[in-house]
Amino acid sequence: MGNLFGKRQTRSFFGLMLGLFLWSLPPATLADMAPVKIVVIEFHGLKQKIVQANLAELPHFKELIQGPDNQQAYVHLANVVTTIPAASVPACTAMYTGLYPQRTGVVSTIWFDRRSLQVRTMISLGQERINKELAAQGVATIFDYVKAAGKQSLNCMLMVNKGADWNISSSPFFWGNASVVGLLKGGRLFPHKSYTDPKTISAFLNGHVLAGHKSLNGLFKRYGDVPDLMVIQLLGMDLDSHFPEKRFVKQGASIESIQKDYVKTILDPQIGRLIDAFKAHGLYEHTLFLLVSQQGALKITEHIDDYLLNRILQSEFKLPGAETVNRAAEAIIMQGASTKEVYLKNRRTRQWGDPPRLFADVKPAVDLLLNNAQVRNAINALVIRQYPGERGEGLLENEQWWHLKWDRYVDTDRSDQDFLKALQPVETMSQRFALGDIVIQGLNRQYTRQTAPDIKLINKNGVYFERRSDKYGHHGSYYPDDTVVSFWLAGPGIERFFHKRQIVQKTTSTLDLVPMLCYLMGIPTPT
């Protein structure tokens, strides 16, 4: 596949916004302008062109973006690249910290830690594990930067909430109700689209259970004002892309058509509710809205049994189980999706902290995997972890990864020498992906020494390791369908910054949301 973006890396939002800002301003100074309120609405899982392609059919989105008389300025960032891979937890954490997963400590949704010997997952009912990890790593969020500047923030349902002054979070009660509605309306115990996002907007406006005092209306009633930054995370689009209505499944519908229906029937009315609420408080004319997404979605074309690699490797490697704890295991395999990660122990020293031997530990596992036709048919690329200065097997290791040209290697005798010849610099993998070097950059900035797997399989587009064969759509891949999204800067408050409509085709990044917000709010931009 060709390289869609070539070798050029993503352009900084900060530099891009500064250029657009100065170009569009009238002869006035920043000091002449009163501060605006900023609302970030994250449509979790929204694909790149859904709003743009259907704007004429979305009256409330259209009013927000173009104004009631179609004269309002806006900025549309058409090509925003997420962190790679586009998995919810690390991508969301990266977007609201401005840092790659390697630095945040949230390197994946689930991973094995060689130091603690624990399989760690960030998924929990209280959604607080991410924030605890950020605190442990000393990582600040956009909410921390806002607070440090003497301003205030409100978070609604966002899983990254460290530093927010007011936090309206989800709960088992919320997800339990959403799932019951899904069972009653759709026949599946899974959060239903008629509940999730409408109830989230209700929570933002009025609170839920005991959170009324920290909602938009509650804060305005008490203080006569609202926070400087407000962030709302709407998860329904992502959930509906995973398990859409049965009529879409029966039709074999595209993710685009599923999301178009969702935007029209669910999201557009919620935008109308927000517009009405801000108008009622006299805030609408002074509010800038950022419509963002931190990942897209794609249709699953093939399901691979998630336990396939366990069955393959257990013939030669001791795996964790009822009688084997992680410390005694020789290989630990993570729950998969568009990728599959394998951690290997050094079977000579019996220590997880030591690099596994390349020919005695890594190569046997690779050979077992490539002996399986289903694995060979599923994968696009295979990378192997390097340990610079540690392994001492006479092979130069000076990067994080090798790209194993597995499709050539399988046609050899698979000797040690053949294996060495198949190990290539990771940059050679870029030709396998439309995003080219952006994929390599994401891979190199995902893991730390103690969290990196030794073998990583990267599947073909649409092929997923899954434990549920009825899952229809997914994300977390290395392909443009879910790694390239778009942002909008909209609402009447945009006139404080931009006076002409801008459609920016230059490639930008979700990681630049933090410096962009800092710049727009007039607070110090983190380095």
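Here the structure is a predicted model, which means the values were calculated and not measured. (Residues numbered from 1 in each chain as written. Predicted model: local features only at pLDDT ≥ 70, side-chain atom pairs only at ≥ 80, totals over all residues. Heavy atoms only, no water.)

A. Local environment of the overall build of the protein chain. Each helix and strand in the protein chain was counted, giving 21 helices and 20 strands. Compactness check: the protein chain gives a C-alpha radius of gyration of 24 Å against a globular reference of 24 Å for 527 residues, within 12% of the reference. Expressed as lengths along the three principal axes of its C-alpha atoms, the size of the protein chain is roughly 70 × 55 × 40 Å. By residue count, 60% of the 527 residues in the protein chain fall in the buried class. Put simply, of all contacts in the protein chain between residues at least 6 apart along the chain, 73% involve residues at least 24 apart. Working note: accessible area of the protein chain is about 20,700 Å², and carbon and sulfur atoms make up 51% of it. Looking at the protein chain, you have 60 positive and 49 negative side-chain charges, and the mean spots of the two groups are 2 Å apart. (Helix = DSSP H or I, 4+ residues; strand = E, 2+ residues; numbered from the N terminus. Rg over C-alpha atoms; globule rule 2.2 N^0.38 Å. Buried < 20%, exposed > 50% of the residue type's maximum accessible area, 1.4 Å probe, protein only. Contact = heavy atoms within 4.5 Å. Areas by Shrake-Rupley, 256 points an atom, 1.4 Å probe, with all protein chains shown as cover. Lys, Arg positive; Asp, Glu negative; His and termini not counted. Charge placed at Lys NZ, Arg CZ, Asp CG, Glu CD.)

B. Seen up close, the sheet that holds strand β6 (residues 166-168). Across the sheet, 8 strands lie side by side as β6-β5-β7-β1-β8-β19-β2-β20; this open sheet has mixed pairing. Here the strands that pair on one side only, and so sit at the sheet edges, are β6 and β20 (502-509). Taking the axes of each pair of neighbouring strands and ignoring which way they run, one obtains an average angle of 15 degrees across the sheet. Across 4 bridges, strand β5 (residues 153-156) lies against strand β7 (residues 229-234) in parallel orientation. Looking across to β7, one finds that S153 is bridged to L229. Its contacts with the sheet place helix α3 (residues 59-66) against β1 (37-43), β8 (287-292) and β19 (484-490), and it is angled at close to 125 degrees to β8. (Pairing = 2+ DSSP bridges. Axes fitted to C-alpha atoms, helices over the stretch in contact; angles between N-to-C directions.)

C. Spotlight on the nonpolar core. Counting 72 residues, the largest nonpolar core has I38, Y96, L229, L290 and L489 as its most contacted members. Broken down by element, the residue count for this core peaks at 8 residues, all from helix α21 (residues 513-521). Filtering out sequence-adjacent residues up to four positions away, L229 remains in contact with I38, V40, I142, F143, V146, Q152, S153, L154, L517 and M521. Counting residues in hydrophobic clusters, the runner-up holds 53 residues, among them M157, L216, L219 and I266. (Core = buried A, V, L, I, M, F, W, Y, C linked by side-chain atoms within 4.5 Å.)

D. Highlighting the confidence of the model for the protein chain. Within the protein chain, residue pLDDT values average 91, and 93% of them lie at 70 or more. Across residues 1-11, confidence stays below pLDDT 50; counting only partners more than four residues off in sequence or on other chains, it has 34 contacts. The low-confidence segment residues 25-32, where pLDDT is below 50, has 6 contacts with residues more than four positions distant or belonging to other chains. (pLDDT = per-residue confidence, 0-100.)

E. The side chain of T83, seen in detail. The topology assignment puts T83 in the loop between β2 (75-81) and α4 (88-97). Filtering out sequence-adjacent residues up to four positions away, T83 remains in contact with P90, A91, A94, P101, T510 and L511.

F. Representation of α3. For α3, the complete set of buried residues consists of F61, E63, L64, I65 and Q66. Considering only its buried residues, α3 is in contact with β1, α2 (50-54), α13 (255-280), β8 and β19.

G. Just the pattern of salt bridges, in detail. The tally for this structure, following the rule as stated, stands at 30 salt bridges. Notably, a salt bridge pairs K279 with E63, separated by 2.8 Å at the nearest N-O pair. Placement of K279 in helix α13 and of E63 in helix α3 is noted, with a sequence separation of 216 residues between them. According to the relative accessible area criterion, E63 is buried, its value standing at 19%. Salt-bridge contacts for D305 lead to R311; the nearest nitrogen and oxygen are separated by 2.9 Å. (Salt bridge = Lys/Arg side-chain N within 4 Å of Asp/Glu carboxyl O.)

H. Spatial organisation of the pairing of β8. Counting buried positions along β8 yields 6 of 6 residues, so the element is predominantly enclosed. Burial along β8 is two-sided: T287, F289 and L291 and L288, L290 and V292, pointing in opposite directions, are all buried. Pairing of β1 with β8, which is carried by 6 bridges, proceeds in the parallel orientation. The partner of I41 across the bridge, within β8, is L291. One ladder, built from 3 bridges, connects β8 with β19; its direction is antiparallel. Bridging across to β19, L290 finds its partner in L489.

I. How the structure looks around the sheet that holds strand β16 (residues 455-459). Pairing is antiparallel across the open sheet formed by 6 strands, whose spatial order is β11-β12-β16-β13-β14-β15. The open sheet has two edge strands, β11 (331-333) and β15 (423-425), and neither has a second partner. When strand polarity is set aside, the average angle formed by the axes of neighbouring strands in this sheet is 30 degrees. Strand direction decides the pairing type here: β11 and strand β12 (residues 339-344), joined by 3 bridges, are antiparallel. Among the inter-strand pairings, I332 is bridged to a residue of β12, identified as Y343. Taken strand by strand, helix α15 (residues 358-370) contacts β12, β13 (379-385), β14 (401-404), β15 and β16, and its axis lies near 170 degrees from that of β13.

J. Representation of the environment of G98 in the model. Mapped onto the fold, G98 is located in the loop between α4 and α5 (101-104). Measuring from C-alpha to C-alpha, the distance between G98 and M516 comes to 9.8 Å, with 418 residues separating the pair along the chain.

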